[in-house]
Amino acid sequence: MELGTYRDTTYINTRINPNAFGPSFTTAFRLDTIPSVPEGWFTVRIYSLFPNDENLTNDTLSVQMYGVPLRTVGYLDNFDGPVDEWMTIPVGTSPIVWQRGVPTGVQLNSAFTAPNVWATNLSGTPAANAVAYLYSPIIRFNNIVNSTVRFRMNKRLAGSGAIRLSWADTLSNTWQILGGIADGASPNQTWYSSSVSIGTVSGAAWTQSAGDTAYITHMLRLPTSFNYRAGRGVRFRFEFKSGTAEGVVIDNFEILPPPPAELELIGITAPGIGNCLPVVSGDSLRAVDTVSVLVRNNGGDTLRSIPFNISLSSGATVGPLLWPTDYIHLDTIAPPQGRLQPHQ
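Just so it is clear, the model here is predicted, and its values are computed rather than measured.

Q: Could you give an account of the overall build of the protein, naming the residues involved and the relevant values?
A: Of the regular secondary structure elements, the protein holds one helix and 23 strands. Burial status across the protein gives 40% buried among its 344 residues. Counting contacts in the protein only where the partners sit at least 6 residues apart, residues at least 24 apart contribute 70% of the total. Roughly 19,000 Å² of accessible area belongs to the protein as shown, and the carbon and sulfur atoms make up 54% of that amount.

Next up, the structure:
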């Protein structure tokens, strides 16, 4: 990557101390921010063209850097494109573990969508006692609420082998484990199974998986805190510790936006057991007690009208009742001015 010299104000300016730069002096010259960082691996070269310099062999420095891609909600990477948007970093003295390509292991030998995956070893068992991280691009949520992370994973973990998914925003860069044990979108899309240490962090993770025979879809609705990170992005990383089996292959990582309308009735909070009086007429339930229901807006749109119906096993029905026109007591955060915002 060509940046030009410090005298070329089109690219980089330098702020030089006005004092003379005397013999044997050593000082640091502060350079302006690189104006445009490319995605992926690139090289920064800094050099001097000082006139009449006697030794030109020590006038150039270079460093390899990684430009993290910036993406938004609706992101899908099946790892088959020409650009590799993920990067891997071993922890401590661990060897490089994560590899992108075609899996050819004994058991882990297929992709969810061919040909490529990210695997802890494309052709067999990874090095023993290795700890390595696989980092996603930066995802900006731009105030989109109720988004979901989804990916496919096939794993063979034995001994001390384990894997988890963590996240951090780009401002704090503080990594946190995403989700908890038995968290997930449904019983068939399970989240973590155990609590173990990976590197220096103890917490929830996937471990033994003798029953796994194919890819499993893992889904988790992301916390409210993801939705309002103005000016920030979020990165995800898979944290892996090798055991005595082949490890893990991952494919089709997605950040899904919510559907426009998705309403969840969480529970009936009233009438409770023992609160109802004997029913003596068709309307005695309404006369005696209040029907309360806990409701959550899992969609992306603000809801301004919700129809409800109430039915009894005897066959009696009430409704349709339309919130907020009809009086319905909702045992939840009071929707302001007849609106139920996403995530309320």
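Q: Before we move on, could you go through the packing of aromatic side chains and cite the residues and values that matter?
A: Scanning the model with the defined rule gives 18 aromatic pairs in all. When the centroid spacing of 5.0 Å and the interplanar angle of 80 degrees are considered together, the rings of phenylalanine 151 and phenylalanine 238 count as edge-to-face. Of this pair, phenylalanine 151 sits in strand E11 (residues 148–156) while phenylalanine 238 sits in strand E17 (residues 234–241), placing them 87 residues apart in sequence. The same class applies to phenylalanine 151 as to phenylalanine 238, namely buried. In this structure an aromatic cluster arises from ring pairing among Phe79, Trp86, Trp98, Phe151, Trp191, Tyr192, Trp206, Phe236, Phe238, Phe240 and Phe253.

Q: Quick one: what's the story with the side chain of aspartate 251, residue by residue and with numbers?
A: Within the secondary structure, aspartate 251 is located in strand E18 (residues 247–256). For the buried aspartate 251, which has no salt bridge, the nearest side chain bearing the opposite charge is arginine 152, at an N-O separation of 8.5 Å. Reaching out from aspartate 251, the side chain makes a polar contact with the backbone nitrogen of threonine 113 at a distance of 3.0 Å. Look past the residues within four positions of aspartate 251 in its chain and what remains in contact with it is Asn78, Phe79, Ala111, Phe112, Thr113, Asn116, Val117, Phe151, Arg152 and Tyr215.

Q: Describe in detail the nonpolar core, supporting the description with residues and values.
A: In this structure, Ile163, Leu165, Leu178, Phe236, Phe238 and Phe253 are the most contacted members of the largest nonpolar core, which totals 35 residues. When residues of this core are traced back to their parent elements, those giving at least two are strand E10 (131–140), E11, strand E12 (162–169), E17 and E18. Here phenylalanine 238 is in contact with Trp86, Trp98, Ala132, Tyr133, Leu134, Phe151, Ile163, Arg164, Leu165, Ile250 and Phe253, once residues within four sequence places are set aside. Counting residues in each nonpolar core, the second largest holds eight residues, with Tyr66, Met87, Ala162 and Ala205 among its members.

Q: Hey, could you go over the environment of proline 259 for me, with residue numbers and the actual values?
A: Looking at the element boundaries, proline 259 is found in the loop between E18 and strand E19 (263–270). The sequence separation of proline 259 and asparagine 298 amounts to 39 residues, and the corresponding C-alpha distance is 8.2 Å. Apart from the residues within four sequence positions on either side, proline 259 is in contact with Gly299 and Gly300.

Q: Pulling in residues and values, what's your account of the side chain of threonine 207?
A: Structurally, threonine 207 is set in the loop between strand E15 (201–205) and strand E16 (216–221). At a separation of 2.7 Å, a polar atom in the side chain of threonine 207 contacts the side chain of serine 194. Apart from residues no more than four positions distant in its own chain, threonine 207 is found in contact with Lys155, Leu157, Gly161, Ala162, Ser193, Ser194 and Val196.

Q: Could you give an account of the environment of glycine 179, with specific residues and numbers?
A: If you trace the backbone, glycine 179 turns up in the loop between strand E13 (176–177) and strand E14 (194–198). In the structure, glycine 179 is positioned 26 residues away from alanine 205 in sequence and 9.4 Å away in space, judged by C-alpha atoms. Excluding anything up to four places from it in sequence, glycine 179 contacts Trp191, Tyr192 and Leu220.

Q: Let's hear about unusual backbone geometry: which residues, and what values?
A: Of note, the amide linkage connecting alanine 114 to proline 115 takes the cis form, showing an omega dihedral of 10 degrees. Here proline 115 lies in the loop between strand E8 (99–101) and strand E9 (117–119). Residue phenylalanine 79 is not a glycine yet carries a positive backbone phi of 65 degrees. With respect to the element layout, phenylalanine 79 can be found in the loop between strand E6 (76–77) and strand E7 (87–90). Residue class for phenylalanine 79 comes out buried when judged on its relative accessible area of 2%.

Q: Report on the confidence of the model for the protein, specifying residues and quantitative values.
A: On average, residues of the protein carry a pLDDT of 79, and 76% of them reach 70 or more. Across the protein, the element-wise mean pLDDT spans from 44 in strand E1 (residues 14–15) up to 97 in E9. Here residues 274–288 is modelled with pLDDT under 50, and outside its nearest four sequence neighbours on either side it reaches nine contacts, counting other chains as well. Across residues 329–337, confidence stays below pLDDT 50; counting only partners more than four residues off in sequence or on other chains, it has 19 contacts.

Rules of the game
Residues numbered from 1 in each chain as written. Predicted model: local features only at pLDDT ≥ 70, side-chain atom pairs only at ≥ 80, totals over all residues. Heavy atoms only, no water. Helix = DSSP H or I, 4+ residues; strand = E, 2+ residues; numbered from the N terminus. Buried < 20%, exposed > 50% of the residue type's maximum accessible area, 1.4 Å probe, protein only. Contact = heavy atoms within 4.5 Å. Areas by Shrake-Rupley, 256 points an atom, 1.4 Å probe, with all protein chains shown as cover. Phe/Tyr/Trp six-rings, centres within 6.5 Å; stacked < 30°, edge-to-face > 60°. Lys, Arg positive; Asp, Glu negative; His and termini not counted. Salt bridge = Lys/Arg side-chain N within 4 Å of Asp/Glu carboxyl O. Polar contact = N/O pair within 3.5 Å; in protein donor to acceptor, adjacent residues only side chain to side chain. Core = buried A, V, L, I, M, F, W, Y, C linked by side-chain atoms within 4.5 Å. pLDDT = per-residue confidence, 0-100.

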